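Coordinate inspection notes
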Amino acid sequence: MAGRGKLIAVIGDEDTVTGFLLGGIGELNKNRHPNFLVVEKDTTINEIEDTFRSLGSLLGSVVEAKPNEHDPPLWDEIDSRQFLHRDDIGIILINQYIAEMVRHALDAHQHSIPAVLEIPSKEHPYDAAKDSILRRARGMFTAEDLR
Amino acid sequence: MAAPDLRAELDSLLLQLLGDLEELEGKRAVLNTRVEEGWLSLAKARYAMGAKSVGPLQYASHMEPQVCLHTSEAQEGLQKFKVVRAGVHTPEEVGPGEAALRRRKGPAKTPEPQSSEAPQDPLNWFGILVPHSLRQAQASFRDGLQLAADIASLQNRIDWGRNQIRGLQKKLKQLEPGAA
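Just so we're clear, the structure is a prediction, and the values are computed from it rather than from any experiment.

**Notes on the overall build of chain A**
Looking only at helices and strands, one finds six helices and four strands in chain A. In chain A, the succession of α and β elements from N to C terminus is β-α-β-α-α-β-α-α-β-α. Within chain A, the proportion of its 147 residues that are buried is 51%. Counting contacts in chain A only where the partners sit at least 6 residues apart, residues at least 24 apart contribute 72% of the total. For chain A, the exposed surface amounts to about 7300 Å²; the carbon and sulfur share of it is 53%.

See the structure below:
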């Protein structure tokens, strides 16, 4: 990837993903999984989380054992899907209402790369109070700190 | 480092942080506006082309990114993002030193091989003649990508500043444990 630069990934509703793909960020070939995920009504939270998790985590993620599944998914398949495991993604764009579904995963992501950017969706306008970055910045000042 | 110096540095970092937060808010508002304009243009394109003509069904089976991200680390932990478009050609510069007219003899005998194929414009997924609204949507989202890189840089700087401030506050407390 040297000299090629990093990718911008997007997790969002149909219009958001279509729009940003129009902007030219999409990558899809035989070897790699796509750098985008269209979240529809039947998309599960686990799928969103699996796709997102580890996009920036250098420590990797842990796949929870599911007692009902007798054939655990292949590690390589999981890793290549997960944005946080891929070291070629620089920014993840995610609709804020989807970010709310996986807020715990976002809050656990402390690395600078990839940067996670919450964007509004058609039905859910942007709410600064819910943004992980701004919440961290807001929570750093206490009355004692300002003395 | 003496306490007054630490306090001065802390004040400077706090001012920087507040400035970054204000700039972030401004850029966010512009990004949100661009994205909303993009959605509206997509809706107009869908109205012109048909309900199912602008969506995931039209995505290509093979995509190459036209836009990539370059990162640079100014200081430890401080990342800066820059959006770079693939296949951007700088225009040939004909300087004042070239007094003679350039000869136009048609294609060169040894054409330069293209170093890399330019990625296909995603507009082509939707047909040969696409409505103007789809091009407008593309322009809006392209602007949005540039803003996204700026916002990501600002967010990173805010996080970095926050960590620096916390570190300085700890040092200050160690130097002046009982200070009010």
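**Remarks on unusual backbone geometry**
A cis amide bond links isoleucine 113 of chain A to the next residue, proline 114 of chain A, at an omega of -5 degrees. Mapped onto the fold, proline 114 of chain A is located in the loop between α5 (103-108) and β4 (115-119).

**Describing the interface of chain A and chain B**
How big an interface is tends to be expressed through the accessible area that disappears when the partners come together. Each partner contributes residues to the interface: chain A has 48 residues there, and chain B has 56 residues. For the pair chain A and chain B, the summed buried area comes to about 4300 Å², and 67% of that belongs to carbon and sulfur atoms. On inspection of chain A and its partner chain B, the count reaches two salt bridges. Between aspartate 15 of chain A and arginine 46 of chain B there is a salt bridge; the shortest N-O distance is 2.7 Å. Seen at the junction of chain A and chain B, the total is eleven residue pairs in polar contact (both at pLDDT 80 or more). Among the secondary structure elements, those contributing two or more residues to the side of chain A that touches chain B are β1 (7-12), α1 (14-22), β2 (36-38), β3 (89-95), β4 and α6 (132-138) of chain A. It is α1 of chain A that contributes the most residues to the side of chain A that touches chain B, nine residues altogether.

**Some remarks on the packing of aromatic side chains**
Tallied over the full model, the rule gives four aromatic pairs over all chains. Summarising the aromatic geometry, the rings of phenylalanine 36 of chain A and tyrosine 59 of chain B are spaced 5.8 Å apart at their centres and angled 90 degrees between planes, so their arrangement reads as edge-to-face. Of the two residues, phenylalanine 36 of chain A is situated in strand β2 and tyrosine 59 of chain B in the loop between α1 (3-49) and β1 (67-75); the pairing between them involves two chains. Taking the relative accessible area as the measure of exposure, phenylalanine 36 of chain A reaches 11% and is therefore buried. Between tyrosine 59 of chain B and tryptophan 125 of chain B the ring centres are 5.9 Å apart and the planes differ by 55 degrees, which places this aromatic pair in the tilted class.

Reading the values: the criteria
- Residues numbered from 1 in each chain as written.
- Chains lettered and ligands numbered in written order.
- Predicted model: local features only at pLDDT ≥ 70, side-chain atom pairs only at ≥ 80, totals over all residues.
- Heavy atoms only, no water.
- Helix = DSSP H or I, 4+ residues; strand = E, 2+ residues; numbered from the N terminus.
- Buried < 20%, exposed > 50% of the residue type's maximum accessible area, 1.4 Å probe, protein only.
- Contact = heavy atoms within 4.5 Å.
- Areas by Shrake-Rupley, 256 points an atom, 1.4 Å probe, with all protein chains shown as cover.
- Buried area = accessible area lost by both parts, 1.4 Å probe.
- Salt bridge = Lys/Arg side-chain N within 4 Å of Asp/Glu carboxyl O.
- Polar contact = N/O pair within 3.5 Å; in protein donor to acceptor, adjacent residues only side chain to side chain.
- Phe/Tyr/Trp six-rings, centres within 6.5 Å; stacked < 30°, edge-to-face > 60°.

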